[in-house]
Amino acid sequence: MCRKIRGVMGSQLVTIVLIAVLAAPSVIAGTTIEWWQFWTDPGIKPTIESMVAEFEQAYPDIDIKLSDLTWADGHAKIVLALASGTGPDVLELGSDWIAQFAAAGHLADITDHVAAQQDGFQGWGMATYADRIYAKPWILGTRVLFCNRGLLTRAGFDTDFAPITWEDLLNAAVKVTALGDDIYGWGSNTAEKHRLYKKFLPFFWSAGGQLFTDDGKYCVLASDRGIAALHFYKQLHDSCGFVSNQRGIEDAFLDGKIGMTISGDWLLKRIEIEKRPIDFFTTLIPGIEFTGRSFLGGEFLAVNAASKKTDAALKFIDFITLAKSQVAFCKANRSANPASVEAQQDPYFKTNPNLQIFIKQIFSANHPPVNPEWVNMETAIEEAVEQALFGSRLVATSLHEAEKKIMKLMQE
Amino acid sequence: MVVPAARSNMLVSLGRYGLLSVILILMVFPLLWMLRISFMGTGQAISMNQVLAAGFTFSNYMDIFSGDLIGRPLLNSAAVGLAVTGGNILFCFMVAYSLARFRYLVNKLLFITVILILMIPAHIIIIPLYVLMLKTGLYDSYWALILPWLVNPIGIFLVKQYIESVPPAMEDAARIDGAGDFRIAFRIVMPLCKPALAVLAIQVFFTNWNSFLFPYILTISSELRTLPVALALYQGHQAVDWQHLMAGSSIAVLPVLVLFMFMQRHVVSGITAGAVKQ
Amino acid sequence: MRWSKPTALALALPWLLTFAAFWLFPIVYSLVMGFTDYQLLSRGYEWVGLENYRQLLADPDFIKALKNTFVFVGGTIPVTTIVSLGLALLVSRQFRGRGLFRAGYFVPSITSMVVVALIFTNLYQRGGYVALLTELVGLSPPEHGFLFDESTALYSIMAMDVWMAVGYYMLIFLAGLKSIPVELYEAAEISGSGRIRQFFWITLPLLRPVALFILVINTIKSFQVMVEIFVMTKGKFDTSTMVYFVYEKGLTTQFQFGYASAAAYVLFVIIALFSVAQFRLLRRRQPLW
């Protein structure tokens with residue numbers, strides 16, 4: 001009898017040990033990743049959530065905890081969190097924030113991990129600091145020229161006309177402005193932080209201007225080409241400009257009051273969602289003699305250097321940036337530019353002429369330098385543009401002053 | 001030309017009233033403008049024609065309350081305002097009583113400190129207070145909105161002056177009866193100080209209700225925004241959504257106006273205290 | 001009256017604690033920070049001595065903010081003081097409806113600066129009410145609105161500030177006027193002094209302490225102008241002020257605590273000097289008898 005009892009207890013013991021051993025990995029390996037992201041709009045949030053759900057299904061031992069940020073205070077929240085060591089594992093970052101955080105050592109160096117994926121994505125330049133990569137490109141953003149076909153035809157142009165050179169642009173803008181009191185040929189941004197420079201730089205770059213010399217040592221904002229660009233920008237603004245903030249310009253454009261303006265893919269989304277009956281088309285940014293260069297930015301995914309779950313975090317980032325995830329996201333958000341090359345080949349983009357323009361523009365777009373002081377440089381450039389447009393400063397003087405400021409920032 | 005006395009008096013009177021009225025219109029106009037726009041329907045431009053021609057509608061007010069654009073900030077302002085006011089009433093009284101009745105050398109020093117604090121410009125603590133709140137984990141919490149403002153030096157000054165004008169007879173009597181210090185302070189003197197405390201309460205509440213800078217700096221979550229912060233950060237769907245913004249502003253101004261109407265004397269004495277030796 | 005010391009201390013304790021924690025400590029902390037290169041994002045920080053101050057003097061943004069602050073103070077204080085004195089004189093005598101007028105002049109000053117700034121942003125906008133008035137008198141308003149033009153932006157904000165403040169100081173002047181014994185005026189009447197003489201020889205001198213009080217608190221307040229700038233222009237078009245500079249450098253983008261603290265201390269010293277100067281200048285003489 002004792003032997004039987006011992007036998008039963010023995011097998012029970014074995015069972016318990018077995019269960020413990022088998023269950024242990026899932027108990028130990030169950031991790032939670034925190035992700036802070038900016039897509040809070042009710043139209044797109046469900047897509048984000050379903051992507052997360054899909055990931056959790058594919059990787060049952062990883063849980064994702066989602067937190068929302070708004071563009072108004074997101075940057076400050078991230079700064080505060082990183083500084084106090086309470087940041088998330090995965091962060092969504094705007095392209096112009098990467099330098100600041102990478103330089104302070106808050107982002108994990110993922111160069112080795114993404115080495116094999118380099119060819120599959122565009123936009124690495126914006127995530128590279130001191131020759132190391134600190135974030136993965138997710139959704140790119142560029143700016144193109146939006147044109148109101150109705151107004152252009154009324155002004156006497158053919159239905160398939162699209163401005164290619166600056167001369168075309170100015171000519172068209174002037175003719176459209178002449179159409180009436182309430183009609184303007186060009187939508188020109190007013191002094192808006194973090195926006196105005198994105199409207200001016202395309203002209204700057206299209207004129208062949210460079211922010212820095214090739215060796216990166218000197219700022220050459222106030223070169224002849226830069227001055228010519230700002231002159232032209234001012235001319236467009238003064239003679240045909242409807243001046244307002246971004247929202248005001250978009251509203252007026254959608255109301256059919258503006259002939260042309262530079263904007264991003266969110267405007268396509270607005271037109272679709274609000275079902276606006278506007279006859280419009282997009283075209284590449286005009287240059288002096290041929291197509292010009294636009295502004296490139298985007299959303300990136302980075303790993304917190306202080307995170308202890310880098311592996312899981314990277315798995316998550318890779319999943320989000322899969323071609324199929326990107327296509328699904330872009331469809332829901334009407335975004336034009338997935339960073340994944342494979343995603344860009346999807347018929348969804350190929351069959352939409354406007355989205356095609358955006359994708360084409362990416363190949364002809366520059367991004368700002370990856371420099372921790374960039375935000376201050378951006379401010380200096382914006383001030384120069386503001387003073388030339390709204391103040392009493394000469395174009396050349398404003399640019400020279402900005403150049404001096406930027407040089408000082410570089411020396412610090 | 002000799003103008004009859006009565007006539008010339010009337011002219012002077014008329015002239016005076018005319019001047020006064022012109023000034024009154026100048027002073028009150030912007031607030032009336034705010035009200036007018038708050039009752040205009042959205043989608044209407046704010047041009048002079050529209051302002052005069054457009055009708056009246058409550059839709060803006062309904063929108064901001066139902067869209068929860070102002071409900072939470074209103075509650076926050078009210079809660080924080082009451083907390084700070086209550087705190088001030090209690091703590092200012094306490095230290096004022098201590099300074100007024102307990103004659104120690106240190107107290108003289110402390111009183112001078114109170115006067116000095118009145119002169120310290122608040123901007124100097126913007127950065128350090130921010131850092132302090134971050135480090136103590138009080139950043140972005142109601143504590144940050146309340147704690148630093150619990151004892152206002154103006155309040156101390158006000159109440160102390162008042163206490164000094166109250167003869168200590170009752171306190172002495174109570175002491176002889178064997179009452180303890182705290183009892184005397186709270187049961188006997190504090191009720192006597194109601195007028196000064198009322199003035200203090202109004203001053204503190206007004207200042208707190210209207211304050212923007214520190215509530216903005218010491219918080220970041222939208223749930224913790226007070227009214228002025230919510231208004232300043234309001235981003236409407238239109239280019240600038242004046243109608244809703246003005247409706248929110250009117251709501252922010254309303255309590256202050258109402259309080260002023262009913263407690264005018266207190267408001268005035270709060271402001272003039274310390275300015276004129278009475 | 002041997003009242004116990006521990007009680008005195010206990011009663012003063014809440015104040016002492018909050019004062020020490022939220023005023024004394026921060027003021028000292030800020031001074032120390034001003035000598036370091038402390039930034040929110042950087043891992044460590046270093047003592048840099050007077051380097052921040054040197055940088056400030058070479059910083060064009062700082063100089064601009066300094067200049068604008070002085071323009072603001074110099075422009076608003078004399079105007080506010082004179083206008084509020086005028087208003088006080090206007091409503092000091094008894095007459096029908098006096099209370100209504102007083103209240104009406106005072107109301108702007110109890111509203112929130114944010115509300116006022118928002119209303120005036122609307123009034124100053126392109127095609128707005130003020131633009132219309134300007135056209136009525138034959139001048140042409142700035143093309144994009146008063147706040148979008150370097151030559152008018154700061155002055156527009158100053159005008160708004162004066163509008164808001166006059167009622168407040170009018171009240172204080174009224175209290176001062178009330179405290180002047182009527183007998184003095186009566187005596188002057190009897191001895192044949194006209195109104196104007198009475199004003200300059202009785203009213204003004206006896207208003208000195210009140211005027212000093214107003215001057216000092218108005219100066220301290222005006223040097224710290226910031227909220228208007230934040231709401232209306234965010235420092236654009238040459239409207240940045242000292243406190244706005246401190247906010248921008250210290251609490252946005254790069255969170256440069258050390259640098260911003262140094263700037264705050266520069267302002268602190270300026271305000272202190274001005275207050276002392278005002279006291280010295282205006283308190284010198286005793287009342288006439």
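Here the structure is a predicted model, which is why all the values come from computation and not from measurement.

Colleague: Summarise the overall build of chain A; cite the residues concerned and give the values.
Modeller: Counting its secondary structure elements, chain A contains 18 helices and 14 strands. Its C-alpha atoms give chain A principal-axis dimensions of about 110 × 50 × 35 Å. For chain A, buried positions account for 47% of its 412 residues. Considering only intrachain contacts with a sequence separation of at least 6, the fraction spanning at least 24 residues in chain A is 74%.

Colleague: An account of the overall build of chain B is needed here, citing residue identities and associated values.
Modeller: Per the secondary structure count, chain B includes 15 helices and zero strands. Relative to the 2.2 N^0.38 estimate, which gives 19 Å for 278 residues, the radius of gyration of chain B is 24 Å and therefore markedly larger than a compact globule would have. For chain B, the spread of C-alpha atoms along the three principal axes comes to 75 × 70 × 35 Å. When contacts within chain B are restricted to residue pairs at least 6 apart in sequence, those whose partners lie at least 24 apart make up 76%.

Colleague: Residues and numbers for the packing of helix α3 (residues 60-90) of chain C against helix α7 (residues 153-178) of chain C, please.
Modeller: Residues and elements named next belong to chain C. Taken N-terminus to C-terminus, the directions of α3 and α7 make an angle of 40 degrees; their axes are 7 Å apart at the nearest point. Between α3 and α7, the crossing angle belongs to the class labelled oblique. As α3 runs across α7, the sense of the crossing is right-handed. Each residue belonging to the contact of α3 with α7 can be placed in one class, and the counts come to 17 nonpolar, six polar and one charged.

Colleague: Before we move on, can you summarise helix α16 (residues 353-362) of chain A with the specific residues and values?
Modeller: Inspection of α16 of chain A places Leu-355, Ile-357, Phe-358 and Gln-361 of chain A among the buried residues, and these make up the whole buried set. Around the axis of α16 of chain A, the buried residues are gathered within 155 degrees of arc, so they sit on the same side.

Colleague: So what about the interface of chain B and chain C? Which residues, and what values?
Modeller: When the parts of a complex come together, some accessible area is lost, and that lost area is often taken as the interface size. Contact with chain B, which involves 63 residues of that partner, is made by 66 residues of chain C. Among the elements that line the side of chain B that touches chain C, the one with the most residues is helix α1 (residues 5-38) of chain B, at nine residues. For the side of chain B that touches chain C, the class distribution of residues is 55 nonpolar, six polar and two charged.

Colleague: Account for the interface of chain A and chain C, with residues named and values stated.
Modeller: At the interface, 14 residues of chain A touch 13 residues of chain C. Elements with a contribution of two residues or more to the side of chain A that touches chain C: α3 (74-84) and α17 (374-390) of chain A. Taken together, the residues that form the side of chain A that touches chain C break down as eight nonpolar, four polar and two charged.

Colleague: How would you sum up the sheet that holds strand β11 (residues 280-283) of chain A? Please name residues and give values.
Modeller: All names here are of chain A. Pairing is mixed in the open sheet, where five strands are placed in the order β9-β8-β10-β7-β11. The sheet is open, and its two borders are formed by β9 (241-244) and β11, each paired with just one other strand. Taken pair by pair, the neighbouring strands of this sheet meet at an average axis angle of 25 degrees, ignoring direction.

Colleague: So what's going on with the environment of Leu-66 of chain C? Residues and values would help.
Modeller: Residue and element names in this part refer to chain C. Checked against the element boundaries, Leu-66 lands in helix α3. Judged by local crowding, Leu-66 falls into the buried class, with 21 C-beta atoms found within 10 Å. Separated by 197 residues in sequence, Leu-66 and Ala-263 have C-alpha atoms that sit 9.8 Å apart.

Colleague: Any details on the domain arrangement of chain B? Residues and values, ideally.
Modeller: Residue and element names in this part refer to chain B. For chain B, the domain assignment lists domain 1 (5-61) and domain 2 (68-272). The distance between the C-alpha centroids of domain 1 and domain 2 comes to 33 Å. Considering every element that reaches the side of domain 1 that touches domain 2, the biggest residue donor is α1, with four residues.

Colleague: With reference to specific residues and values, describe the nonpolar core.
Modeller: In this structure, Ile-98 of chain A, Val-95 and Val-159 of chain B together with Ala-263 of chain C are the most contacted members of the largest nonpolar core, which totals 286 residues. If one sorts the elements of this core by residue count, α7 of chain C sits on top with 15 residues.

Colleague: Outline the pairing of strand β3 (residues 90-94) of chain A, supporting the account with residue identities and numerical values.
Modeller: Residue and element names in this part refer to chain A. Counting buried residues along β3, four of its five residues qualify, which places the element largely inside the surrounding structure. In this structure, strand β1 (residues 31-37) lies alongside β3, joined through two bridges in parallel fashion. Looking at the pairing, Trp-36 lines up with Leu-91 of β3. When β3 meets strand β12 (residues 294-303), the two strands line up antiparallel, connected through five bridges. Counted as the bridge partner of Gly-94 is Glu-299 from β12.

Colleague: Can you tell me about the domain arrangement of chain A, naming the residues and giving the values?
Modeller: Residue and element names in this part refer to chain A. Under the domain assignment, chain A is made up of domain 1 (32-140 + 297-366) and domain 2 (144-284 + 373-411). Measuring from the centre of the C-alpha atoms in domain 1 to the corresponding centre in domain 2 gives 28 Å. Each side of the interface is counted separately: domain 1 has 14 residues, and domain 2 has eleven residues. If one sorts the elements of the side of domain 1 that touches domain 2 by residue count, α16 sits on top with five residues. When grouped by side-chain class, the residues that make up the side of domain 1 that touches domain 2 number four nonpolar, seven polar and three charged.

Colleague: Lay out the environment of His-113 of chain A in plain terms, naming residues and giving numbers.
Modeller: Inspection of the secondary structure assignment puts His-113 of chain A in helix α5 (residues 111-114). Between the alpha carbons of His-113 of chain A and Ile-133 of chain A there is a distance of 9.5 Å; along the sequence they are 20 residues apart.

Colleague: Break down the pairing of β9 of chain A for me, with residues and values.
Modeller: All names here are of chain A. The two faces of β9 match: Gly-241 and Val-243 on one face and Phe-242 and Ser-244 on the other face are all buried. Pairing of strand β8 (residues 184-189) with β9 involves four bridges; the strand directions are parallel. Opposite Asn-189, over in β9, you have Ser-244 as the bridge partner.

Colleague: Any details on the environment of Gln-264 of chain B? Residues and values, ideally.
Modeller: Residue and element names in this part refer to chain B. Topologically, Gln-264 is positioned in helix α15 (residues 264-272). Judged by C-beta crowding, with 15 C-beta atoms within 10 Å, Gln-264 ranks as partly exposed. Along the chain, Gln-264 and Ile-202 lie 62 residues apart, while their C-alpha atoms are 9.8 Å from each other.

Definitions and cut-offs
Residues numbered from 1 in each chain as written. Chains lettered and ligands numbered in written order. Predicted model: local features only at pLDDT ≥ 70, side-chain atom pairs only at ≥ 80, totals over all residues. Helix = DSSP H or I, 4+ residues; strand = E, 2+ residues; numbered from the N terminus. Buried ≥ 20, exposed ≤ 12 C-beta atoms within 10 Å, placed from the backbone. Contact = placed C-beta atoms within 7 Å. Rg over C-alpha atoms; globule rule 2.2 N^0.38 Å. Axes fitted to C-alpha atoms, helices over the stretch in contact; angles between N-to-C directions. Parallel < 35°, antiparallel > 145°, perpendicular 65-115°, else oblique. Left-handed = near helix turned anticlockwise from the far one by under 90°. Nonpolar A, V, L, I, M, F, W, Y, C, P; charged D, E, K, R; others polar. Arc of directions from axis to C-beta. Pairing = 2+ DSSP bridges. Domains from an automatic or database assignment. Core = buried A, V, L, I, M, F, W, Y, C linked by C-beta atoms within 7 Å.

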